[in-house]
Amino acid sequence: MADESKPQPQAPKHAIQTRGLNLWYGDFQALFDVDFDVRAGRVTGLIGPSGCGKSTLLRSINRIVERLGYVRTTGTIDVLGHDIFGANVELLQVRKQIGMVFQRPNPLPLSIRDNVLFGLRTHRDGDRKSRPSKEVEAQIVEESLRTVLLWDKVKDRLGEPAIRLSLEEQQKLCIARLLPVKPRVLLMDEPCSALDPDGTAAVEELIWSLKGDYTILIVTHNMAQARRATEECAFMLHGKLVEHTETAKMFVSPKNQSTADYIEGRYG
Amino acid sequence: MFEPTELNAHNWRIEQGMRVLFLGMTLLLVLPVVIILAVLVYKGGPALSWAFLTENPTGGMTTGGIFPALMGTIALVLVALIASIPVGVAAAIYLSEYAPDNWLTRLINLAIINLAGVPSIVHALFGLGAFVLFFGFGTSILAASLTLAIMTLPVVIVSTRESLQAVPQPFREACWNMGATRWQTIARVVLPNAISGILTGIILEVSRTAGETAPIMFTGAAFFLPFLPESVFDQTMALSLHLFVVATQVPNVPESLPYGVALVLIGMVLIMNSASIALRMVLRNRKKW
Ligand SMILES: Nc1ncnc2c1ncn2[C@@H]1O[C@H](COP(=O)(O)OP(=O)(O)OP(=O)(O)O)[C@@H](O)[C@H]1O
Ligand SMILES: [Mg+2]
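Criteria and cut-off values
Residues numbered from 1 in each chain as written. Chains lettered and ligands numbered in written order. Predicted model: local features only at pLDDT ≥ 70, side-chain atom pairs only at ≥ 80, totals over all residues. Heavy atoms only, no water. UniProt positions renumbered as here; feature names shortened; annotations may be inferred. Axes fitted to C-alpha atoms, helices over the stretch in contact; angles between N-to-C directions. Helix = DSSP H or I, 4+ residues; strand = E, 2+ residues; numbered from the N terminus. Parallel < 35°, antiparallel > 145°, perpendicular 65-115°, else oblique. Contact = heavy atoms within 4.5 Å. Nonpolar A, V, L, I, M, F, W, Y, C, P; charged D, E, K, R; others polar. Near = heavy atom within 4 Å. Polar contact = N/O pair within 3.5 Å; in protein donor to acceptor, adjacent residues only side chain to side chain. Areas by Shrake-Rupley, 256 points an atom, 1.4 Å probe, with all protein chains shown as cover. Buried < 20%, exposed > 50% of the residue type's maximum accessible area, 1.4 Å probe, protein only. Pairing = 2+ DSSP bridges. Patch = residues over 30% accessible without salt bridge, like charges linked within 9 Å, V, L, I, M, F, W, Y side chains within 5 Å. Salt bridge = Lys/Arg side-chain N within 4 Å of Asp/Glu carboxyl O. Domains from an automatic or database assignment. Buried area = accessible area lost by both parts, 1.4 Å probe. Core = buried A, V, L, I, M, F, W, Y, C linked by side-chain atoms within 4.5 Å. Phe/Tyr/Trp six-rings, centres within 6.5 Å; stacked < 30°, edge-to-face > 60°. Lys NZ or Arg CZ within 6 Å of the ring centre and 35° of its normal.

As named in an unreviewed UniProt entry, chain B is Phosphate transport system permease protein PstA, taken from Enhygromyxa salina. Taken from UniProt, the Subcellular location (unreviewed entry) comment for chain B reads in full: "Cell membrane". UniProt's Sequence similarities (unreviewed entry) comment on chain B is quoted here verbatim: "Belongs to the binding-protein-dependent transport system permease family. CysTW subfamily."

Naming follows an unreviewed UniProt entry, where chain A appears as Phosphate import ATP-binding protein PstB of Enhygromyxa salina.

Next comes the structure, spelled out in structure tokens:
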């Protein structure tokens, strides 16, 4: 609650705020009245048993879930203080500001360099004419790959297909390619579950290093990871948000019985 | 303890029988191809020469070469391609990448499948009615090629759509999640990865088009026309019709002539098929996944 000496309208305290969020896939209701506040610049974990709606919640925050056609949503979602369902909202801008990382690394079938530059070339600063020079592009590629701790490994083979990288490197690349368009929020859906323990540790380390600069919301099934790699944690069950507190608090003294049961492994 | 039972022996005999049966059917399939090629080369080989390919037919089509027919077939196929590729590929992109899954899309798909099943003589009559008469192109390369194009469209659409759909969905989702539009996704990720399949499909289709006779017979191919067409509104000779003519309509043709024509036609098709295989291999090596 520490009041800033200079109030900054540009940086609201909560990067993501949902109110009364309900979501239906056809007739099936997947989210019930979710009120969720994700604090800006922090790493927030989202845990809960399989099928409780974690991915659904994540996918509604960048509105990609609407692609399915048979999805209906009620309630509000504010990202960085702006209603993403507002009348004048351009979906492509929403997706630019909110990067998404998936369970299976999904680098594009392009070279490593073109993967990093894909988003940049897609959005081009919002100006049809602007086309970054080769030098600027090279600099952006280096910066992004350095940020995800991948530069030293790939700097000599930027032209190679991204698919030749190891899974861990692919996942880092998938994070790197979000950065050039300067998103404020990164959503990660079980980003480590396809990786081995070393890869997991490396990606966790990366996520930790990104906090502060980005607001990160990360879904995980791995309790140890939730404990290690998040600052706050939210527990979902049957489409409802049950509990949301500091990670340390949640794992030591969960308020809700079902949270406690889940953390101790009494759910699937 | 490991001795075969009576049942094992029985199953084993069936196994052997089936293997021989399937192998036999496969050989039976290859046999006609081999025989056709062998007969063509044996009987038509002597007719082949540089002059055969580059000179006009003479002596009431019993002597001379097949130059106008060869050029005519190439022209017909090229114009047909120019008409069918843009339409077919665009339609396939729409159906694969844009079309919602509703009754209209299903209806279109059904229409395409049925169009592919329409006999070529029916296409010929349609071409005659639509292009020759209604649009007033007359019997011309344009009318014949458009008829061929209509006939090949469904196959171009289906093969292109299959190539597009072979590009894994997660690639598209990754693009959309980065805020790329559908077209940006198609242009930068989907098409480059589907292009080898698309081209292969088109070339195979071309090779079939080259041999079609019925659709061009009423719409643009001439019986005998010993000079080259000057525009797409002229008639032209074509290899397939020429083969039909010298084989059945003209008296006193030396035996090697029709075989020679057939050999050239098959040669064209084989060259195009090999080109498509080569192209596919080159493009596949450049794939990034
Ligand atoms: N595309 C869809 N169409 C219909 N129902 C869906 C769809 N996606 C998810 N659901 C349903 O919505 C509910 C929530 O799914 P969701 O994928 O959000 O769960 P999750 O918490 O991410 O599970 P997991 O831990 O297994 O990834 C599930 O009951 C699921 O069956
Ligand atoms: Mg999920």
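(A) View of the packing of helix H8 (residues 182–211) of chain B against helix H11 (residues 256–285) of chain B. Residues and elements named next belong to chain B. Remark: H8 packs on H11, axes separated minimally by 9 Å, with the N-to-C direction vectors making an angle of 180°. Classed by the angle they form, the pair H8 and H11 counts as roughly antiparallel. Of the residues in H11, those touching H8 at Ile-195, Ser-196, Leu-199, Thr-200, Ile-203, Leu-204, Val-206, Ser-207, Ala-210 and Gly-211 are Leu-265, Val-269, Met-272, Asn-273, Ser-276, Leu-279, Arg-280 and Leu-283. Taken together, the residues of the contact of H8 with H11 sort by class into 11 nonpolar, six polar and one charged.

(B) Structural detail: the UniProt feature "domain: ABC transmembrane type-1" (unreviewed entry) in chain B. Sequence positions flagged by UniProt for "domain: ABC transmembrane type-1" (unreviewed entry) are, in local numbering, residues 70–276 of chain B. Across residues 70–276 of chain B one finds 76% helix and 0% strand; the C-alpha atoms that close the span lie 20 Å apart.

(C) The arrangement of the site of ligand 1 in detail. Residue and element names in this part refer to chain A. By nearness alone, 15 residues border ligand 1, and Ser-50, Gly-51, Ser-55, Thr-56 and His-221 come closest of all. In the environment of ligand 1, a nitrogen atom lies 3.0 Å from a nitrogen or oxygen atom belonging to the side chain of Tyr-70. One nitrogen or oxygen atom from the side chain of His-221 is found 2.6 Å from an oxygen atom belonging to ligand 1. Here ligand 1, which alone exposes 630 Å², has 65% of that area covered by the protein.

(D) Summary view of the environment of Leu-199 of chain B. Residue and element names in this part refer to chain B. Checked against the element boundaries, Leu-199 lands in helix H8. Leu-199 sits in the partly exposed class, given a relative accessible area of 30%. Measuring from C-alpha to C-alpha, the distance between Leu-199 and Ile-85 comes to 9.8 Å, with 114 residues separating the pair along the chain. Those residues in contact with Leu-199 that sit more than four places away from it in its chain are Leu-279 and Leu-283.

(E) How the structure looks around the sheet that holds strand E2 (residues 28–39) of chain A. Residues and elements named next belong to chain A. As summarised here, the arrangement of the four strands in space is E2-E1-E4-E5, forming an open sheet in which the pairing is antiparallel. With one partner strand each, in any of the chains shown, E2 and strand E5 (82–83) form the two edges of the open sheet. Sheet topology places strand E1 (residues 14–25) next to E2; eight bridges connect them, and they run antiparallel. If you follow Thr-18 over to E2, its bridge partner there is Phe-36.

(F) Quick look at a nonpolar patch on the surface. All names here are of chain B. A surface patch of nonpolar side chains, about 850 Å² in accessible area, is lined by Ile-14, Met-18, Leu-21, Phe-22, Met-25, Leu-28, Leu-31, Ile-35 and Val-39. By the element assignment, Leu-31 lies in helix H1 (residues 6–44). Classification of Leu-31 by relative accessible area gives partly exposed; the value is 47%.

(G) Molecular detail of the interface of chain B and chain A. Counting from both sides, the interface comprises 17 residues of chain B and, opposite them, 24 residues of chain A. Remark: the boundary between chain B and chain A carries zero salt bridges. For the pair chain B and chain A, the number of links is five residue pairs in polar contact (both at pLDDT 80 or more). Mapped onto the side of chain B that touches chain A, the elements with two or more residues apiece are helix H7 (169–177) and H8 of chain B. At six residues, the largest contribution of residues to the side of chain B that touches chain A is made by H7 of chain B. Class assignment for the residues of the side of chain B that touches chain A results in nine nonpolar, five polar and three charged.

(H) The arrangement of the domain arrangement of chain B in detail. Residues and elements named next belong to chain B. Assigned domains of chain B: these are domain 1 (4–47) and domain 2 (50–285). Between the C-alpha centres of domain 1 and domain 2 the distance comes to 32 Å. With nine residues of domain 1 at the contact, the number on the domain 2 side is nine residues. Each partner contributes to the roughly 750 Å² buried at the junction of domain 1 and domain 2, and carbon and sulfur atoms together form 80% of this total. On inspection of domain 1 and its partner domain 2, the count reaches one salt bridge.

(I) Geometry of the sheet that holds strand E3 (residues 43–47) of chain A. All names here are of chain A. Read across the open sheet, the six strands follow the order E6-E7-E8-E3-E9-E10; overall the sheet is mixed. What marks the edges here is a single partner per strand, and that holds for strand E6 (98–101) and strand E10 (240–246). Adjacent strand axes in the sheet meet at a mean angle of 20° when their direction is disregarded. When E3 meets strand E9 (residues 232–237), the two strands line up parallel, connected through four bridges. Paired with Thr-44 across the bridge in E9 is Glu-232. Those strands touched by helix H1 (residues 54–61) are E3, E6, strand E7 (185–189), strand E8 (215–219) and E9, and its axis lies near 150° from that of E7.

(J) Molecular detail of the nonpolar core. If you look at the biggest cluster of nonpolar residues, it comprises 92 residues, and the most contacted ones within it are Leu-108, Leu-145 and Ile-216 of chain A together with Leu-239 of chain B. Beyond its immediate sequence surroundings of up to four residues, Ile-216 of chain A is in contact with Arg-42, Val-43, Thr-44, Leu-186, Met-188, Ile-207, Leu-210 and Lys-211 of chain A.

(K) Seen up close, the packing of aromatic side chains. What the rule picks out here adds up to seven aromatic pairs over all chains. Seen from their ring centres, Tyr-94 of chain B and Tyr-98 of chain B are 6.4 Å apart, and the 5° between their planes marks the pair as stacked. Of this pair, Tyr-94 of chain B and Tyr-98 of chain B both sit in helix H3 (residues 67–98), four residues apart, which is roughly one turn of that helix. Given a relative accessible area of 35%, Tyr-98 of chain B falls into the partly exposed group. Centroid distance Phe-137 of chain B to Phe-233 of chain B: 6.3 Å. Interplanar angle 55°. Geometry classified as tilted. Here the residue Phe-137 of chain B occupies a position in the loop between helix H5 (120–134) and helix H6 (141–165), and Phe-233 of chain B occupies one in the loop between helix H9 (214–217) and helix H10 (239–248), the gap between them amounting to 96 residues. Overall, Phe-137 of chain B belongs to the partly exposed group, its relative accessible area being 22%. Members of the aromatic cluster, each reached through a chain of ring pairs, are Phe-126, Phe-131, Phe-134, Phe-135, Phe-137 and Phe-233 of chain B. The cationic tip of Arg-188 of chain B hangs over the ring face of Phe-118 of chain A; the distance from NZ or CZ to the ring centre is 4.1 Å.

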